[in-house]
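Breakdown of the fold
What follows is each chain in one-letter form.
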Amino acid sequence: MLHNVLLLTKNVMRNYANNRIIEDYAARDANGRIKVAPREGPLPNGSVGVKALINGRRVTVEITDPLVAAASIGMENLDLPVNGIIAAFENIFRRGITTDPFFQMAQVLKDAPTAAWVTGVGNPVALIGGVFQSFLMSLTPNDPIVQKLKSYGIGGFQSLARSPERQLKIEIGLINQSAFSRVVNLLDKIGDASDFAQRRAIYNRVLKETGDETQALLQANNIIDFMKRGASREAQWLARNVAFMNAYAQSINVLAQALAGGGLKGMSRKKALAMMAAVGSLLATPVIGYSMIVAGSEEYEELDDQTRLRNLVIPGSKAMFGETILIPMNTSAAFIFKAMPEMIYNTVIREGTATEVDGTRLKTALKEAALDSLLGPTPAPSALKPAFEIAINRNFWSGSTVIPRNLENVEAAEQYNASTSEAAKVLSGLTSVGDKRLLSPIEMDHLVRGMFGTAGYLTMFASNMLAEDRVDPRLRDLPGVGRFFAGPVGRKQEDLYYDLKDRTEKKYNTLMKKVERSKLEDVDRIIEENAD
């Protein structure tokens, strides 16, 4: 009965909305009556025939605006049998990540300054503080502001395993929860609190500054509106099968609106752009101050450029904990107000010093940071991406190789290091065919973590407790909290070395090929151009 009532209610609401669209936008004849279309779909005059249920009768009406017709028809759906399997893997991977409370805390840290920049509020500092306060308040079961947002359908995530129908059945006792389900439900509530943190803070700040509750609700929803998924089949397929693609699309959408001065800010375009420029300068100023403080410190100097630009480094943390503490800051907005000012400052201030940053390194660092922050996840299904990364030896998330450079020329059975799990070594052995292995231990670790997220990482990490002669894990290798540590040894010198090695070998091999082909005029030019 509950299922039928929910289904009936949903269909009635959908049909009512469709009738409202038709009433306002359908083509009408000279007498003002709605025109009936000869068929469904595009018509010769450019209009679109749309099916509707009006007064109990099924009719096809004519709508002149194709975009309005698309809103009435609904989104396209690419229905292939394999989609269900790929989407299931994507859902497992995404859920394995989002149920990690440390992942959610990292999201709050990243979302706070971004929300302050793109929403156009008058007091961005208060908004940043409000995000952290709202995260704690959202953890309470009956926070009135969170309840208000929920009543408008704002906030909280949904999935096939966490639909509104299922949640309602759990609340009224139609579904008995197992111990495992209760644990997952608790982790989901932390995920909800992470999502509501910036929404609740934005609602409070906009309401205080404007006094307009509708405006506050609109901006709280617009900061990341998961109901926006695009109307094309391609957009639907990517959102369904590529983990976090929809979240990335929302962040770019909000950033683009802010940069264009648009969005739902309740102010003119000119004022919105001026406000964004002012807040951007306000956020960039402490970044310059931060760069001055960390420059020259051991923690900062040993890190590679991408780790620096993707995180805030806590000076003095290595002396205290043995590993450098990092605060994640790798968002599309942070690339503009954090990564660019920091890298440019380092280039200018170090000119003529022993740690000088040359033009090539500057362009490489900013290019890789832009690709990481602005292009989003690789458009490959979560079920296939780990295998593809192994095949081309490229980790799209970190930008590094799957197999470390110092193990590339070692037999597969010996391709492991201190971070490789014991389970990966055993499972890797099962892929042996004769005297060859299809997957090395490092590749097996990468495959499991890439397909099952944090859940897979935890499983593989647990196997390490069975080994007696294993060294103590580094803080960087611990599940969950590892994302906040850089490890005891930074990758800066290694990255710079291999970058120089690759560039030098390419030029040298080109030079020798010119010699082999007796193109001596090119030999002198190559030597001169690449003397350094």
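A brief structural summary. (Residues numbered from 1 in each chain as written. Predicted model: local features only at pLDDT ≥ 70, side-chain atom pairs only at ≥ 80, totals over all residues. Heavy atoms only, no water.)

Remarks on the overall build of the protein chain
Helix and strand counts for the protein chain stand at 22 helices and seven strands. With the C-alpha coordinates of the protein chain rotated into their principal frame, the extents come out at 85 × 60 × 55 Å. A total of 532 residues make up the protein chain; the buried ones form 41% of that total. A fraction of 63% describes how many contacts in the protein chain between residues 6 or more apart in sequence connect residues 24 or more apart. Working note: accessible area of the protein chain is about 29600 Å², and carbon and sulfur atoms make up 60% of it. In the protein chain, 62 positive and 59 negative side-chain charges are present, and the distance between their average locations comes to 8 Å. (Helix = DSSP H or I, 4+ residues; strand = E, 2+ residues; numbered from the N terminus. Buried < 20%, exposed > 50% of the residue type's maximum accessible area, 1.4 Å probe, protein only. Contact = heavy atoms within 4.5 Å. Areas by Shrake-Rupley, 256 points an atom, 1.4 Å probe, with all protein chains shown as cover. Lys, Arg positive; Asp, Glu negative; His and termini not counted. Charge placed at Lys NZ, Arg CZ, Asp CG, Glu CD.)

Re the packing of helix 21 (residues 492-516) against helix 22 (residues 520-529)
The geometry of helix 21 relative to helix 22 is characterised by a closest axis approach of 8 Å and an angle of 160 degrees between their N-to-C directions. It follows that helix 21 is roughly antiparallel to helix 22 by the angle criterion. Along this stretch, helix 21 crosses helix 22, giving a crossing that reads as left-handed. Residue-level contacts link Lys507, Thr510, Leu511, Lys514 and Val515 of helix 21 to Asp522, Val523, Ile526 and Ile527 of helix 22. A class-by-class count of the residues in the contact of helix 21 with helix 22 yields five nonpolar, one polar and three charged. (Axes fitted to C-alpha atoms, helices over the stretch in contact; angles between N-to-C directions. Parallel < 35°, antiparallel > 145°, perpendicular 65-115°, else oblique. Left-handed = near helix turned anticlockwise from the far one by under 90°. Nonpolar A, V, L, I, M, F, W, Y, C, P; charged D, E, K, R; others polar.)

Observations concerning helix 21
Given 3.6 residues per turn, any residue in an α-helix points the same way as the ones three and four places further on. Spanning 25 residues, helix 21 covers 36 Å between terminal C-alpha atoms, matching the ideal 36 Å at 1.5 Å per step. Of the positions making up helix 21, those classed as buried are Lys492, Tyr498, Leu511 and Lys514. Where helix 21 ends, the next residue or the one after it, serine 518, has phi of about 60 degrees, a positive value. (Expected span 1.5 Å × (residues − 1).)

Examining the nonpolar core
Of all hydrophobic cores here, the largest spans 37 residues; its most connected members are Trp117, Val118, Leu127, Val131, Leu149, Tyr203 and Ile223. Secondary-structure elements contributing two or more residues to this core are helix 4 (101-118), helix 5 (124-138), helix 6 (144-151), helix 8 (179-210), helix 9 (213-222), helix 11 (245-260), helix 12 (269-294) and helix 16 (332-349). Residues contacting tryptophan 117, with those up to four places away along its chain left out, are Leu255, Leu259, Met276, Val279, Gly280, Leu283, Ala333, Ile336 and Phe337. (Core = buried A, V, L, I, M, F, W, Y, C linked by side-chain atoms within 4.5 Å.)

Observations regarding the packing of helix 1 (residues 2-25) against helix 2 (residues 66-73)
Closest axis-to-axis distance for the helix 1/helix 2 pair is 9 Å, and the angle between their directions is 160 degrees. As far as their axial angle goes, helix 2 and helix 1 are roughly antiparallel. Pair helix 1 / helix 2 crosses with left-handed handedness. Between helix 1 and helix 2, the contacting residues are Asn18, Ile21 and Tyr25 on the first element and Val68, Ala71 and Ser72 on the second.

What about the sheet that holds strand 3 (residues 57-63)?
As summarised here, the arrangement of the three strands in space is 1-2-3, forming an open sheet in which the pairing is antiparallel. Strand pairing shows two members of the sheet lacking a second neighbour, strand 1 (41-42) and strand 3, which therefore form its edges. Pairing analysis gives seven bridges linking strand 2 (residues 48-54) to strand 3, with the strands arranged antiparallel. In the strand pairing of strand 3, lysine 51 is matched with threonine 60. Each of strand 2 and strand 3 is contacted by helix 1, which is oriented at about 125 degrees to strand 2, the strand it contacts most. In the packing of helix 2 onto the sheet, the strands contacted are strand 2 and strand 3, and the crossing angle to strand 2 comes to about 40 degrees. (Pairing = 2+ DSSP bridges.)

Considerations on helix 19 (residues 422-429)
Every buried residue belonging to helix 19 is among Ala423, Ala424 and Ser428, and all of these are buried. Down the axis of helix 19, the sector holding all buried residues measures 130 degrees, keeping them to one side. Close packing links the buried residues of helix 19 with strand 6 (432-433), strand 7 (436-437) and helix 20 (441-462). (Arc of directions from axis to C-beta.)

Considerations on the side chain of glutamine 104
Mapped onto the elements of the fold, glutamine 104 is located in helix 4. Only 3.1 Å separates the side chain of glutamine 104 from the side chain of serine 194, close enough to count as a polar contact. Residues within four places of glutamine 104 in sequence aside, it is in contact with Thr98, Ile190, Gly191 and Ser194. (Polar contact = N/O pair within 3.5 Å; in protein donor to acceptor, adjacent residues only side chain to side chain.)

Focus on the pattern of salt bridges
One pass over the full model with this rule turns up 29 salt bridges. Across the salt bridge formed by arginine 350 and glutamate 301, the nearest N and O atoms sit 2.8 Å from each other. Of the two residues, arginine 350 sits in the loop between helix 16 and helix 17 (359-374) while glutamate 301 sits in helix 13 (residues 298-301), which places them 49 residues apart along the sequence. Judged by relative accessible area, which is 6%, arginine 350 ranks as buried. Overall, the relative accessible area of 17% leaves glutamate 301 in the buried class. Across the pair arginine 449 and aspartate 445 runs a salt bridge whose closest N-O atoms are separated by 3.7 Å. (Salt bridge = Lys/Arg side-chain N within 4 Å of Asp/Glu carboxyl O.)

What to know about the packing of aromatic side chains
In this structure the tally under the stated criterion is two aromatic pairs. Between tryptophan 117 and phenylalanine 337, the ring centres sit 5.7 Å apart and the planes meet at 80 degrees, which makes this aromatic pair edge-to-face. Of the two residues, tryptophan 117 is situated in helix 4 and phenylalanine 337 in helix 16; the sequence distance between them amounts to 220 residues. Comparing tryptophan 117 with phenylalanine 337 shows no difference in burial state: the two are buried. For the ring pair tyrosine 497 and tyrosine 498, a centre distance of 5.0 Å and an interplane angle of 70 degrees mean the geometry is edge-to-face. Given the relative accessible area of 48%, tyrosine 497 is considered partly exposed. Seen from the ring of tyrosine 300, arginine 308 lies directly overhead, with NZ or CZ sitting 4.4 Å from the centre. (Phe/Tyr/Trp six-rings, centres within 6.5 Å; stacked < 30°, edge-to-face > 60°. Lys NZ or Arg CZ within 6 Å of the ring centre and 35° of its normal.)

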